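Single-letter residue listing:
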Amino acid sequence: ALQRRLRNFRDLRFVSDQILTQRFRSQGGAVLYEQSEPFVTDRAVESVAPGSVYPYANLPTGTAAIAAIQKWGQKVFLSDEEIARNVYQGASADRALRKVVNSIIKQVDGLAMSSIASAVTQTSAAAAAWNGGSAKFLQDVLLAKAVVVGLNLGYNPDTLILNDTQYAYLMSDTTVQTGLKRETSDNPIYTGEMEILAGLRIIVSPAIGVAGAMVLDSTQLGGMADEMDGAFGYAVSDLAVQVKSIRQEGTDGYDLQGRRKTVPVVQEPGAAVKITGTTI
């Protein structure tokens, strides 16, 4: 029952899992990975004469790094009385579960965004503040995209991350609006949502914080290392949150306990660039 309820929380998504899309295996409570692995060999390609042997090249490795898995969790108490006083008794459990899962998402997303912000050092300055009359959203995004592509390391930016305020200004920008399809019901003016800009999928979350706009390659930036220990009684869903219901006979109720054992891994900092100077 808990697993079915978790799967119904479709609107509760981790931003971290959409940005750090790779998955790593943990070993002994930690994950070992290589950071900034070179995308080319250690020697230039040479002309090979007919009948000659191809020259060997080595595959350089990146800097070894290790990250420790942390368990993030909490529990709430749900009394028998609270369950019984609700006409739809499952509603009180849904509400309590949603709050627990939301709290875990907020914590893990905040941790992941902090790790990304610390690791990514590339920047691209906005032409003007995004909350002013001279903002150039599309140009700023395209120039940031060019920074990542210009490294010539095989990165292909596919994601633009924004906070809610930045998203609001972007959607209401006149230049962006005039470039959208007209006379269609899926126009953001009607739907209130803009999914793609300049070939970049837009991800919006308060976890991104003030002036945290960023263009990145979500397939290369990094991933999440989750540890699943198969502990008894936990229900697991595609949210990667584990939830357990524990009966408390002494207090006539249930403890709803949730957790996620994970650590964010930023493997390729060069796959992202911060857009600075937005002021929002």
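All of these numbers come straight from a predicted model, not from anything done at the bench.

The next point concerns the packing of aromatic side chains. With the rule as written, the count across this model stands at two aromatic pairs. Geometrically, the ring pair formed by F24 and Y33 is tilted, given 6.4 Å between the ring centres and 50 degrees between the ring planes. Centre to centre, the rings of W130 and F137 are 4.8 Å apart; their planes meet at 45 degrees, and the pair counts as tilted. Residue W130 shares its accessibility class with F137, and that shared class is buried. A cation sits over an aromatic face here: R247 above Y254, 4.7 Å from the ring centre. The ring of F14 carries the charged tip of R260 above its face, separated from the ring centre by 4.5 Å.

So, about the confidence of the model for the protein chain. Caution applies to low-pLDDT regions: their predicted coordinates should not be interpreted in detail. Averaged over all residues, the pLDDT of the protein chain is 89; the fraction at 70 or higher stands at 97%. Confidence, read as mean pLDDT per element, is least for helix α1 (residues 2-7) in the protein chain (72) and greatest for strand β9 (residues 214-216) (97).

A cluster of nonpolar side chains, F39, V40, L151 and L153, forms an exposed patch at the surface whose accessible area comes to about 310 Å². By secondary structure assignment, the location of L151 is in the loop between α5 (137-149) and β6 (159-162).

It is worth spelling out helix α6 (residues 164-171) at this point. One full turn of an α-helix is made of 3.6 residues, so residues set three or four places apart face in the same direction. Those residues of α6 that sit buried are Q166, Y167, L170 and M171. Along α6, the residues classed as buried sweep out an arc of 130 degrees about the axis, all on the same side. Contacts made by the buried residues of α6 are with α5, β6, α7 (174-178), α8 (188-191), β7 (196-197) and β8 (200-204). Its side-chain oxygen 3.1 Å from the backbone nitrogen of T165, N163 forms the N-cap of α6.

Another point: the environment of M228. Tracing the chain through its elements places M228 in the loop between β10 (222-226) and β11 (235-236). As a C-alpha pair, M228 and R25 span 203 residues in sequence and 9.7 Å in three-dimensional space.

Before going further, it helps to examine the side chain of D217. Within the fold, D217 resides in the loop between β9 and β10. Comment: no salt bridge for buried D217; closest opposite-charge side chain is R201, at 8.4 Å. Apart from the residues lying within four places of it in its own chain, the contact partners of D217 are G154, Y155, N156, P157, D158 and A271.

Turning to the pairing of β6, a few remarks are in order. Burial along β6 is two-sided: T159 and I161 and L160 and L162, pointing in opposite directions, are all buried. Bridge count for β6 against β8 is four bridges, and the pairing is parallel. If you follow L162 over to β8, its bridge partner there is V204. Looking at chain direction, β6 and β9 are connected through three bridges and run antiparallel. Within β9, the position partnered with T159 by the bridge is L216.

One finds I19, V101, I116, I161 and L221 to be the most contacted residues of the largest nonpolar core, which totals 35 residues. The greatest single-element share of this core, amounting to eleven residues, is contributed by helix α4 (residues 89-119). When near neighbours in sequence (up to four residues on either side) are disregarded, I116 contacts I19, L20, M214, L221 and V266. Counting residues in hydrophobic clusters, the runner-up holds 24 residues, among them A135, V148, I202 and V215.

Bringing the sheet that holds β8 into the picture now. If you trace the six strands from one edge of the open sheet to the other, you get β5-β14-β9-β6-β8-β7, paired in mixed fashion. In this open sheet, the two edge strands, each paired with only one partner strand, are β5 (123-125) and β7. Across three bridges, the pairing between β5 and strand β14 (residues 272-276) is parallel. Paired with T123 across the two strands is K274, which belongs to β14. Its contacts with the sheet place α5 against β5, β6, β7, β8, β9 and β14, and it is angled at close to 145 degrees to β14.

Reading the values: the criteria
- Residues numbered from 1 in each chain as written.
- Predicted model: local features only at pLDDT ≥ 70, side-chain atom pairs only at ≥ 80, totals over all residues.
- Heavy atoms only, no water.
- Phe/Tyr/Trp six-rings, centres within 6.5 Å; stacked < 30°, edge-to-face > 60°.
- Buried < 20%, exposed > 50% of the residue type's maximum accessible area, 1.4 Å probe, protein only.
- Lys NZ or Arg CZ within 6 Å of the ring centre and 35° of its normal.
- pLDDT = per-residue confidence, 0-100.
- Helix = DSSP H or I, 4+ residues; strand = E, 2+ residues; numbered from the N terminus.
- Patch = residues over 30% accessible without salt bridge, like charges linked within 9 Å, V, L, I, M, F, W, Y side chains within 5 Å.
- Areas by Shrake-Rupley, 256 points an atom, 1.4 Å probe, with all protein chains shown as cover.
- Salt bridge = Lys/Arg side-chain N within 4 Å of Asp/Glu carboxyl O.
- Arc of directions from axis to C-beta.
- Contact = heavy atoms within 4.5 Å.
- Polar contact = N/O pair within 3.5 Å; in protein donor to acceptor, adjacent residues only side chain to side chain.
- Lys, Arg positive; Asp, Glu negative; His and termini not counted.
- Pairing = 2+ DSSP bridges.
- Core = buried A, V, L, I, M, F, W, Y, C linked by side-chain atoms within 4.5 Å.
- Axes fitted to C-alpha atoms, helices over the stretch in contact; angles between N-to-C directions.

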